[in-house]
Amino acid sequence: MKIFTKQIKILLLIYLVIGTGFVLLRPLYSDEGYYILAARNILNGKLLYVDFVFHQLPLLPYLYAPFSKLGLATYFILKYISIFSTLGLVILLYKYVLKATSDYNSAYFAVILLIVHGPFVDFNSVAKMVAPSNFLCFLSFYLLTLVKFNSSVKDKMIFLSIGLISGLASNIRIMFWSCTFVILLYLGYEVFRKIKPVKQKLFYFFIILAGILLPTLVTLYYFLNFTDYFIFGVYKHNLYSQSYHWADLGSNTSRWLKFFFMPQNFLLFVLMLIGLTQKFKYKALAITFFITLLVSHSGGYFIDEYLTVVFPYVIYIVAVNYRFLEKKLIYKGRPVMKYVLAVYILSFFITVPYFRYAVTGRIMEPNLLQLNSMIEHERSLKGEKILSSWDIYTLYSNKVNDTLKNGYVYSTMIDKLSPEEIRKFGLPDSSLISNLIKEKHYDVIMQNETSPHVLLRHKEITKEYYRLDTVIGNTKYYVK
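Computed from a prediction, not measured in an experiment: that's the story for all the values here. Going along each chain's sequence as written, the residues are numbered from 1 onward. Residue-level local features of this predicted model are given only where pLDDT is at least 70; pairs of side-chain atoms are given and counted only at 80 or more, and the full residue set underlies all totals for whole chains, interfaces and linings. Derived side-chain values reflect all non-hydrogen atoms in the structure, with water molecules and hydrogen atoms excluded from consideration.

Asker: Any details on the overall build of the protein chain? Residues and values, ideally.
Answerer: Scanning the protein chain for helices and strands turns up 22 helices and seven strands. Summary of the burial criterion: residues with accessible area below 20% of their type's maximum are buried, those above 50% are exposed, and those between are partly exposed, where the area comes from a 1.4 Å probe applied to protein chains only. Residues classed as buried in the protein chain amount to 55% of the 480 residues present. The long-range fraction of contacts in the protein chain, counting pairs at least 24 apart against all pairs at least 6 apart in sequence, stands at 74%. Accessible surface area values rest on a Shrake-Rupley calculation with a 1.4 Å probe, where residue burial reflects the displayed protein chains alone. Total accessible area on the protein chain is roughly 20700 Å²; 66% of this is exposed by carbon and sulfur atoms. Starting at the N terminus, helices and strands are each numbered in turn, a helix being any DSSP run of H or I of at least four residues and a strand any DSSP run of E of at least two. A contact between two residues is defined here by any heavy atoms of the two lying within 4.5 Å.

Asker: Talk me through the pattern of salt bridges; I want residue IDs and the actual numbers.
Answerer: Counted as salt bridges are all cases of a side-chain nitrogen of Lys or Arg within 4 Å of a carboxyl oxygen of Asp or Glu. Considering all chains together, one arrives at six salt bridges under this definition. Two residues, Arg 323 and Asp 103, come together in a salt bridge whose shortest N-O distance is 3.0 Å. Here Arg 323 is found in helix 16 (residues 322-328), whereas its partner Asp 103 is found in the loop between helix 4 (73-101) and helix 5 (104-115), with 220 residues between them in sequence. Overall, the relative accessible area of 15% leaves Asp 103 in the buried class. The salt bridge partner of Arg 323 is Glu 326, with a shortest N-O separation of 3.1 Å. Of the two residues, Arg 323 and Glu 326 both sit in helix 16, three residues apart, roughly one turn of that helix. One continuous salt-bridge network, built from bridges that share partners, spans Asp 103, Arg 323 and Glu 326.

Asker: Go over the packing of aromatic side chains with me, naming the residues and quoting the values.
Answerer: Working definition: a ring pair exists when centres of Phe, Tyr or Trp rings (six-membered ring for Trp) sit within 6.5 Å. Plane angles under 30 degrees give stacked, over 60 give edge-to-face, the rest tilted. Here the structure, examined in full by the defined rule, presents 35 aromatic pairs. Aromatic pair Phe 109 and Tyr 322: ring centres 4.7 Å apart, planes at 40°, arrangement tilted. Of this pair, Phe 109 sits in helix 5 while Tyr 322 is found in helix 16, placing the two residues 213 residues apart along the sequence. In terms of burial, Phe 109 and Tyr 322 fall into one category: buried. A ring pair is formed by Phe 259 and Phe 260, whose centres lie 5.7 Å apart and whose planes are at 90°; its orientation type is edge-to-face. By way of ring pairs, the aromatic residues Tyr 96, Phe 138, Phe 141, Tyr 142, Phe 280, Tyr 282, Phe 289, Tyr 313 and Tyr 316 are connected into one cluster. Sitting over the face of the ring of Tyr 142, Lys 99 holds its NZ or CZ atom 5.9 Å from the ring centroid. Directly above the ring of Tyr 306 sits Arg 173, whose terminal nitrogen or CZ lies 5.2 Å from the centroid. In this scheme, Lys NZ or Arg CZ marks a charge over a ring once it lies within 6 Å of the ring centre and within 35 degrees of the ring normal.

Asker: An account of the side chain of Ser 434 is requested, with residue identities and associated values reported.
Answerer: Along the chain, the position of Ser 434 falls in helix 21 (residues 430-438). Overall, Ser 434 belongs to the buried group, its relative accessible area being 17%. Once you skip the residues sitting within four places of it in the chain, Ser 434 turns out to touch His 458 and Ile 461.

Asker: An account of the nonpolar core is needed here, citing residue identities and associated values.
Answerer: Core analysis: the largest hydrophobic core is formed by 112 residues, its most contacted members being Phe 54, Phe 159, Ile 162, Phe 289, Val 314 and Tyr 316. Of the residues forming this core, the biggest block, 13 residues, is contributed by helix 4. Apart from the residues lying within four places of it in its own chain, the contact partners of Phe 54 are Tyr 34, Tyr 35, Ala 38, Leu 48, Tyr 49, Leu 60, Pro 61, Gly 233 and Val 234. Put simply, a nonpolar core is a bunch of buried Ala, Val, Leu, Ile, Met, Phe, Trp, Tyr and Cys residues held in one set by side-chain atoms that sit within 4.5 Å of each other. Counting residues in hydrophobic clusters, the runner-up holds nine residues, among them Leu 387, Leu 436, Ile 437 and Tyr 466.

Asker: Go over unusual backbone geometry, please, and point to the residues and values.
Answerer: Unlike most non-glycine residues, Ser 102 shows phi in positive territory, near 55°. Structurally, the position occupied by Ser 102 is in the loop between helix 4 and helix 5. One non-glycine residue, Phe 149, adopts positive backbone phi at about 55°. Within the fold, Phe 149 resides in the loop between helix 7 (130-144) and helix 8 (153-170).

Asker: Tell me about a nonpolar patch on the surface, and name the residues and values.
Answerer: On the surface, a cluster of nonpolar side chains totalling about 880 Å² of accessible area is made up of Leu 164, Leu 213, Leu 214, Leu 217, Leu 220, Phe 223, Leu 224, Ile 231, Tyr 235 and Leu 239. When residues of the nonpolar patch are assigned to their parent elements, the largest contribution, six residues, is made by helix 10 (residues 198-225). Mapped onto the secondary structure, Leu 214 falls in helix 10. Without a salt bridge and with relative accessible area above 30%, a residue can belong to a patch; like charges are then joined within 9 Å and nonpolar side chains (Val, Leu, Ile, Met, Phe, Trp, Tyr) within 5 Å.

Asker: Residue-level account of the environment of Tyr 15, with values.
Answerer: Inspection of the secondary structure puts Tyr 15 in helix 1 (residues 6-25). Taking the C-alpha atoms as reference, Tyr 15 lies 9.3 Å from Thr 86; in sequence the two are 71 residues apart. Other than its neighbours up to four places away in sequence, Tyr 15 contacts Ile 83, Thr 86, Leu 87, Ile 115 and Val 121.

Asker: Pulling in residues and values, what's your account of the side chain of Ser 82?
Answerer: Secondary-structure assignment places Ser 82 in helix 4. Here Ser 82 is in contact with Asn 124, Ser 125, Val 126, Lys 128, Ala 131 and Pro 132, once residues within four sequence places are set aside.

Asker: Account for helix 14 (residues 283-296), naming residues and giving values.
Answerer: Take the residue count of a helix, subtract one, and multiply by 1.5 Å to get its expected span. For helix 14, spanning 14 residues, the distance from its first C-alpha to its last is 20 Å, which sits close to the expected 20 Å at 1.5 Å a residue. Within the sequence span of helix 14, burial applies to Leu 285, Ala 286, Phe 289, Phe 290, Thr 292, Leu 293 and Leu 294.

Asker: Summarise the confidence of the model for the protein chain; cite the residues concerned and give the values.
Answerer: Caution applies to low-pLDDT parts of the model: their predicted coordinates are not meant to be read in detail. On a scale of 0 to 100, pLDDT captures the predictor's confidence in every residue. Overall, the prediction assigns the protein chain a mean pLDDT of 82, with 83% of residues at 70 or greater. Within the model, pLDDT remains below 50 along residues 357-364, and this stretch shows 22 contacts once partners closer than five positions in the same chain are excluded.

Asker: Can you break down the packing of helix 8 against helix 9 (residues 177-194) residue by residue, with the values?
Answerer: Between two packed helices, the angle of one axis relative to the other and the distance separating the axes together describe the packing. A fitted line through C-alpha atoms represents every axis, and for helices the fit uses only the stretch in contact; the resulting angles, taken between N-to-C directions, go from 0 to 180 degrees. Between helix 8 and helix 9, whose axes approach to 8 Å, the crossing angle comes to 160°. The pairing of helix 8 with helix 9 is recorded here as roughly antiparallel in orientation. Between helix 8 and helix 9 lies a crossing whose hand is left-handed. Two secondary-structure elements touch here, helix 8 through Phe 159, Ile 162, Ser 166, Gly 167 and Ser 170 and helix 9 through Trp 177, Thr 180, Ile 183, Leu 187 and Val 191. Counted by class, the contact of helix 8 with helix 9 contains six nonpolar, four polar and no charged residues. Reported orientations rely on four angle classes, namely roughly parallel under 35 degrees, roughly antiparallel over 145, roughly perpendicular from 65 to 115, and oblique for the rest. Put simply, a crossing is left-handed when the front helix is turned counterclockwise from the back one by less than a right angle, and right-handed when it is turned clockwise. Polar here means any residue outside two lists: the nonpolar Ala, Val, Leu, Ile, Met, Phe, Trp, Tyr, Cys and Pro, and the charged Asp, Glu, Lys and Arg; Gly therefore counts as polar.

Put into C-alpha cells, the structure is as follows:
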C-alpha cells in the first residue's frame, strides 16, 4: 500500500499550520525558561544538580544546550522541535493504523482526531521535552509490533532500538520509566514463550538491557558521584514542591471530572469503550500502554496537561475500529459517524480555552510576541539586579536574576526544608529575601501574581519598599 498519499500530505500540512499557530500565540509555559536556563548553565560549564537545582533526569538540558544561547530564536527552535516530534508521532500513528486495518479511511480518521485534539496539540507545542518523549514512547510501541522473535539480525537490531529509544525517553522524563518497565515485561514474556534455546533468550535480554543502559549511564554518573544533590533535585524537590492535604482530594476529583468530560476527551473515551468490545490487532499492547501512562502521569498532585500523553493510544483504539463504529452508531437508520467527527472538530475551538482555564485554572501568560516587549521594558529599567519568580521572563533582558541557584522555588517546599538544606542546595531563604528587600538590594522586583513562588510571601513588603513601575499581563514590575 502507498503510504504518503495526497490526503495524508494535506493533513500533515494542516497540522504544521495549527502547530505554528500554537508556537506564536500559545501563552508561555512556566517550565520553558527553567529548562532553557538549565541548558545555558550546562553550556557555561556549571555542574547539573550541584551548581543549580534541577528536578528532572539529566539528558534534557544536554539536548537543549546547543540551542540555549540564541535569544528569542531559542524558543522558536525548541518549540519547533516539539512540533516536528509531534509530526513524527502523527505519521507513526497513521502507519500503525494503516498496518492494523489496511484501510486508508481509518488511518486518515486517526490523524484527524490527533491533529485537532486541543489539549494534545496545545501541550505538545511547548519548549520542553514532552513532545519528543511522547514520540519516542510511541515509537517503542510501534517497534514492538515489528519484532518477529526469529533470531534474525534484523530482529535483534529492532530489540536494541527499542532499548535505546525507551531508555532515552526514560532518562529525559522520569515518568516514562513506567513504559520501559512494561516493554521489558512484554518482551520478556514473548521471548520465553517463542524462543526455545536458552542462549538465544539470554542474548535477547542482553541486547535490550544494553540499549536501555546506554542512555542511563549519564543518570548513573550523577547519582553515584553527587548522590545527595541528585536525590534532592529529582526526588525531594518534586515531593516537597506540592502540598498534599486531604482537602486536595476534592480539588483533584473535580479536575479529573473536568478533564474526562471535556468535549473532545469525552467523545474519545466513549468511542474507545465501544471499540474495546471488539477484537483488533495489538489490543492488549495498546490497553497496557494506555493504563500505564494514565497511572504514571496522574500520581500525586494532579497535573492535567501530563495526561495528554494517553491520547495517541486512545485514538489508535478508536481508529482501528472506525468501520465498526460506522456500522454501530446509527440513528433512525442512518450512520452518524460523520456528525460525531464534525462535532469533535468544532469542539477544538471550545476545548483549547476550556482546557487552559476551567481545567488547569491558568491565567494567561504572555506569548512569544508579548515576551519581546517585556524584555525591552526590562532593559529600559535602571540597574542590573532583578529578583524574579520566573526565569522565563529574565533570560534575555541583560539583567542578573538574583534568586540564587533556582529561579523558581515553591513556597510549600521551603517550609519542609531545614536551614542547613536551604544553604546546601542554594535555595532562596525567605527571611534573607525580606531583609534584602528592606535594604533595597534589588534594582527591580518582578512578581508574577499567580505563581506559588516563595516571592509571593513578600508581596506586601515589596509594595512598602518599592514603587510599582508597570504591569504587563499578570506580572508586576517594582523599582526603587
